[in-house]
Amino acid sequence: MATLVTGGNGFVASNVVRALSEIGHQVISLDVSDPDKFVTDYLSPWKDQITFHKANVLDVAALDKVAETHQIDKIVHAVAYTPGSRGPVEKDRSKSIVEVNIMGTLNMLDLARRFAVKRFLFVSSGAVYEGLDSDKPLHEETRVHPKAFYRISKYACERIAERYRDLHDLDSVSVRLGGPYGPMERVTDYRANMSLLHDWTGKAIRGESIDVVPQNPGDYTYVMDIAKGLATVLDAQVLPHRLYNLARGVATPTSQLVDAFRKAYPDAKFTDPLPDDLSSSTVPHVDVSRIKNDFGFEASTEPYTGLTEYFKWRAESGYVG
C-alpha cells in the first residue's frame, strides 16, 4: 500500500514526503511539474520509496490513472495556489486560485471516495484566522472570517472535507499549519508568498543588509516539525477530532528571533538600529493543545536549531533565492 502526497514538489509537501519515507511509507509524490534538482537531491536517500507522478489535480482522468496504477490507502492533499494577500497575483489569478484550491480538493476527495482510501488528510492553514484580534488562544473552534481567496479556499475545503466524511463515510481530517520555515521553501509557479525567514536567510547568504520592520511576535515553526506532525495525524489509529492546529504555538519576539539568527549565522548584517518589539495584548496565538493531548505531539524545534538546519540546506543545495 502507498501514501499519495499531492503537491509533492512543494515546500511543505516535499518535507512530508521525506518524513513519511523516513518512517517506512511507500510514497507517491504527485505534482503538476516534474521534480527539480532541489527535490531529487533533498529526497535522494529515500528514492527507492518514492514514485513521482506528473499530473494536475484538475485532471480527473490523470488522477484516476495514478490511483489505478498504485494501491493507495492514504492521501495527504497539500496542493495549493499560494499567492499571498498583497500584490497583483490574487487579483490577476482569482479564478485559478479558486479552481486549484477548491476544485482540486474536491477532485481528490472524490478520488478518495471512489477508490476507498482509508484516510484523507487535508493540509489547511492558520491563515484562516485572518484578521482576528484576541487575547485568548486561537483554537480549532474559534469562529473565523477569512477574506483573501487563499484563506477562504482553505476554510471552504475544511468544510467540504468534513461534509464528505459525513456523506460518504470518508475518514478525513484537516490540519491548520502555522508559520512554516526551513528547507525547500523557494519561489515556484504556485507559491509566491515567502516567509520572513526565507527573506532573511536569502539576504544573509548573499551578504545583503537585513532591514527589520516593527512587527508583533510571530509563530515560527520548523517545517520538519510540521511534516512529522502531519505524519503523526495521518498514521494515528484513532482520530478524536477532525481538525487540528499544528504549529510551535509560541510567539517569538523579533528581538529573540534576531538573536537566534545571529547565533545561527554570525555574518548576518542587520540594519541598525533594530526597532523595538511591538507589544499588544491582542496579538493572537495559536492553541496547539489538541494535537498534543490527542497524540502527544509537539513542534519543539527552537528557532536557533531550525535556522541552523535551514542554512545548512541552503549551503548544500546552493539555493540563494
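This report concerns the structure included in the present document.

Definitions and cut-offs
- Every chain begins its residue count from 1, and numbering advances along the sequence as written.
- Per-residue local features are limited, in this predicted model, to residues with pLDDT of at least 70; the limit for side-chain atom pairs, both in listing and counting, is 80 or more; totals at the level of whole chains, interfaces and linings are taken over all residues.
- The basis for the side-chain values is all heavy atoms of the structure; hydrogens and waters are excluded.
- Any residue with relative accessible area above 30% and no salt bridge may belong to a patch, with like charges joined within 9 Å and the nonpolar Val, Leu, Ile, Met, Phe, Trp and Tyr side chains within 5 Å.
- Note on areas: Shrake-Rupley with a 1.4 Å probe; residue coverage comes only from the protein chains shown.
- When a carboxyl oxygen of Asp or Glu is within 4 Å of a side-chain nitrogen of Lys or Arg, the pair counts as a salt bridge.
- Strands are runs of DSSP state E lasting at least 2 residues, helices are runs of H or I lasting at least 4, and numbering of each runs from the N terminus.
- A 1.4 Å probe rolled over the protein chains alone gives each residue an accessible area, and that area as a share of the maximum for its type sets the label: buried under 20%, exposed over 50%, partly exposed in between.
- Residue contacts follow a heavy-atom distance rule, with two residues in contact if any of their heavy atoms lie within 4.5 Å.
- Every axis in this analysis is a line fitted to C-alpha atoms, fitted for helices over the stretch in contact. Angles between the N-to-C directions lie between 0 and 180 degrees.
- Any angle between 65 and 115 degrees counts as roughly perpendicular, while under 35 counts as roughly parallel, over 145 as roughly antiparallel, and the rest as oblique.
- Left-handed describes a crossing whose near helix is turned anticlockwise from the far helix through less than a right angle; right-handed describes the clockwise counterpart.
- Polar here means any residue other than Ala, Val, Leu, Ile, Met, Phe, Trp, Tyr, Cys and Pro, which are nonpolar, and Asp, Glu, Lys and Arg, which are charged; Gly is therefore polar.
- The pairing criterion for strands is at least two bridges between them, as found by DSSP.

This paragraph deals with a nonpolar patch on the surface. On the surface, Val98, Phe149 and Ile152 cluster together into a nonpolar patch covering about 190 Å² of accessible area. When you line up the elements, Phe149 lands in helix α6 (residues 149–168). According to the relative accessible area criterion, Phe149 is partly exposed, its value standing at 31%.

Moving on to the side chain of Thr105. Mapped onto the secondary structure, Thr105 falls in helix α5 (residues 94–114). Taking relative accessible area as the criterion, Thr105 reaches 1% and is therefore assigned buried. With residues up to four places along the chain from it excluded, the contact list for Thr105 reads His77, Val100, Phe122 and Cys157.

The angle between the axes and the distance between the axes are what describe a pair of packed helices. Remark: helix α9 (residues 254–264) packs on helix α11 (residues 303–317), axes separated minimally by 9 Å, with the N-to-C direction vectors making an angle of 45°. The angle between α9 and α11 falls in the class oblique. The way α9 lies across α11 gives a crossing that is right-handed. Along the contact surface, α9 presents Leu257, Ala260, Phe261, Lys263 and Ala264, while α11 presents Pro303, Tyr304, Leu307, Thr308 and Phe311. Each residue belonging to the contact of α9 with α11 can be placed in one class, and the counts come to eight nonpolar, one polar and one charged.

Moving on, we come to the sheet that holds strand β3 (residues 50–54). Ordered in space as β3-β2-β1-β4-β5-β6-β10, the seven strands form an open sheet in which the pairing is parallel. Each having just a single partner strand, β3 and β10 (243–246) make up the two edges of the open sheet. Across this sheet, the average inter-strand angle for adjacent strands is 20°, counted without regard to direction. Of the strand pairs in this sheet, strand β5 (residues 119–125) and strand β6 (residues 172–177) are connected by six bridges, and their pairing is parallel. Looking across to β6, one finds that Val123 is bridged to Val175.

In this section: the packing of α5 against α6. Interaxial distance between α5 and α6 falls to 10 Å at its minimum, and their mutual angle equals 20°. On the basis of their axis angle, the class for α5 and α6 is roughly parallel. In the packing of α5 onto α6, the handedness of the crossing is right-handed. Residues Ser94, Ile97, Val98, Asn101, Ile102, Thr105, Leu106, Leu109, Asp110 and Arg113 of α5 pack against Phe149, Tyr150, Ser153, Ala156, Cys157, Ile160, Ala161, Tyr164 and His168 of α6. Tallied by class, residues from the contact of α5 with α6 come to twelve nonpolar, five polar and two charged.

The next point concerns the environment of Val60. Looking at the secondary structure, you find Val60 in helix α3 (residues 60–69). It is 47 Å that separates the C-alpha atoms of Val60 and Ala268, two residues lying 208 residues apart in sequence. In this view, Val60 contacts Asn107 and Arg114; residues no more than four positions away in its chain are not counted.

By the definition in use, this model includes 20 salt bridges. With its nearest N and O atoms 2.3 Å apart, the salt bridge here joins Glu99 to Lys95. Residue Glu99 and its partner Lys95 are both found in helix α5; the two are separated by four residues, about one turn of the helix. When the shortest N-O distance is used, the salt bridge between Glu208 and Arg206 registers 2.9 Å. In this structure Glu208 comes out as partly exposed when scored by relative accessible area, which is 33%. Relative accessible area serves as the criterion here: at 38%, Arg206 is assigned to the partly exposed category. Shared partners join several salt bridges into a network, and the residues in it are Asp64, Asp110, Arg113 and Arg114.

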